[in-house]
Amino acid sequence: MSSRVGVASALAAGLALAACASGPTSAPDLDPARVGYLSEAALARLADAVPPVPDRGSPVDLADRAASARFTTLEDTDRWLLATAHAELRPPLALQHFDCALGVRLAAAKTPRLDRIMAQIFHDADDVAERVKAHAARLRPVGDDPDRRACQRLTEAARKSPSYPSGSAAVATAYAEAFALIAPDRAEAVRRIGHEIGVSRLVCAMHYPSDVAAGEAVGRAVVAEAAARPDFLAEAQAARAEIAAARATGLTNPGCAAERAALATPLP
């Protein structure tokens, strides 16, 4: 078996195991009056604070396009396969991306408080990104170049959807920042994975570098706001106990070796 096929099998197995253990990939049931942590005013303020999309033909835009073109060298590599797995960012299934950084197997654990936190964080980060996208007119790399491959299945509408800022990077970074607060002993490791998920969007040709940078800033800002709320702090304490219990079982994600191999791939 080739290394590439082995990585693909391990990553696919990890996703399948998580799906079987976690059930539906939609967010946990929440109080309809409390979908996210942030108020309407806070969401609007964070969206207004996002810098404008780079002008087409500007130095930043040209650098983005040159960088994106270099990522075509990673097509069908181990890093491309990891990016394919990273395309799933809905809670609770997406939380498995942080298994190896946390040293746990979340799909095999009961973590209702953690799932609730991340569902609300997902809502807030995605909401801010979508507000900005509604007024930004930048195509994705796969939209600018119809022959460019994506590492995920795309509809024509998705190919032509706005690229700035990266909602995926916003959500992934928000997850990472929340995990860093819940499991501070693994803060550096979870933040690395949050960033690597953003890199995966470059590998996938779904975003340009400045899209990802703006999305990461959104994710950090969302959690900074949420972390000031007493309800978040109380739920984080309960989620910390859930992660400790999951870690105590000794179960780990079988895809960790594949993840390490993929993340060792040099970036262009």
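Values in this document were obtained by computation on a predicted structure and should not be read as measured data.

Turning our eyes to something else, we now look at the packing of aromatic side chains. All told, the structure shown has three aromatic pairs when counted by the stated rule. A centroid spacing of 5.4 Å and a plane angle of 75° characterise the contact between Y37 and F232, whose relative ring orientation is edge-to-face. Of the two residues, Y37 sits in the loop between α1 (3–22) and α2 (40–48) while F232 sits in helix α12 (residues 230–248), which places them 195 residues apart along the sequence. For the pair shown, Y37 and F232 are each scored as buried. Through successive ring pairs, a cluster of aromatic residues spans F98, Y175 and F179.

Here the focus is the packing of helix α9 (residues 167–182) against helix α11 (residues 209–226). For the pair α9 and α11, interaxial distance at closest approach is 7 Å and the crossing angle is 40°. As far as their axial angle goes, α11 and α9 are oblique. As α9 packs across α11, the resulting crossing turns out to be right-handed. Touching A169, A170, T173, A174, E177, A178 and L181 of α9 are V212, G215, E216, V218, G219, R220 and V223, all from α11. Tallied by class, the residues present in the contact of α9 with α11 amount to eight nonpolar, three polar and three charged.

Judged by nonpolar contacts, the single largest core of 53 residues is most densely connected at F98, L114, M118, I121, Y175 and F179. Listing elements by their share of this core, those giving two or more residues are α2, α5 (99–102), α6 (112–133), α9, α10 (187–203), α11, α12 and α13 (256–263). Broken down by element, this core gets its largest block of residues, ten residues, from α9. Contact partners of I121, with chain neighbours within four places excluded, come to Y37, A174, Y175, V223, A226 and F232.

Let us now look at the state of the cysteines. Disulfide: a covalent bond formed between the sulfur atoms of two cysteine residues. The full count for this structure, using the stated rule, is two disulfides. Between the sulfur atoms of C100 and its disulfide mate C256 the distance is 2.1 Å. On the sign convention where negative is left-handed, the bridge of C100 and C256, at about -100° about the S-S bond, is left-handed. Here C256 lies in helix α13 and C100 lies in helix α5, a separation of 156 residues in the sequence. For C100, a relative accessible area of 22% corresponds to the partly exposed category. Judged by relative accessible area, C256 falls into the buried class, the value being 12%. A sulfur-sulfur separation of 1.7 Å characterises the disulfide bridge that pairs C151 with C204. Residue C151 is found in the loop between α7 (141–144) and α8 (156–159), and its partner C204 is found in the loop between α10 and α11; the two are separated by 53 residues along the sequence.

What follows deals with the side chain of E177. Checked against the element boundaries, E177 lands in helix α9. Look at E177 and you get buried, because its relative accessible area is 15%. Once residues lying within four places of it in the same chain are set aside, the contact partners of E177 are R191, R220 and V223.

Further remarks concern the layout of surface pockets. The method is simple in principle: a probe with the dimensions of a water molecule rolls over the atoms, and the space it marks as empty is what remains. Considering only enclosed or pocket space, the largest pocket measures out at about 310 Å³ in volume. Taken together, 19 residues form the lining of the largest pocket, with A87, R140, Q152, S168 and R201 sitting closest to its centre. Mapped onto the lining of the largest pocket, the elements with two or more residues apiece are α6 and α9. Ranked by residue count, the leading element in the lining of the largest pocket is α6, at four residues. Residue composition of the lining of the largest pocket, by class: seven nonpolar, five polar and seven charged.

So, how was this worked out
- Residues numbered from 1 in each chain as written.
- Predicted model: local features only at pLDDT ≥ 70, side-chain atom pairs only at ≥ 80, totals over all residues.
- Heavy atoms only, no water.
- Phe/Tyr/Trp six-rings, centres within 6.5 Å; stacked < 30°, edge-to-face > 60°.
- Helix = DSSP H or I, 4+ residues; strand = E, 2+ residues; numbered from the N terminus.
- Buried < 20%, exposed > 50% of the residue type's maximum accessible area, 1.4 Å probe, protein only.
- Axes fitted to C-alpha atoms, helices over the stretch in contact; angles between N-to-C directions.
- Parallel < 35°, antiparallel > 145°, perpendicular 65-115°, else oblique.
- Left-handed = near helix turned anticlockwise from the far one by under 90°.
- Contact = heavy atoms within 4.5 Å.
- Nonpolar A, V, L, I, M, F, W, Y, C, P; charged D, E, K, R; others polar.
- Core = buried A, V, L, I, M, F, W, Y, C linked by side-chain atoms within 4.5 Å.
- Disulfide = S-S within 2.5 Å.
- 1 Å grid on protein atoms, 1.4 Å probe; cavity = no way out; pocket = protein on both sides within 12 Å on 5 of 7 lines; lining within 4 Å.
- Points joined across faces, edges and corners; volume = space filled by probe spheres on them.

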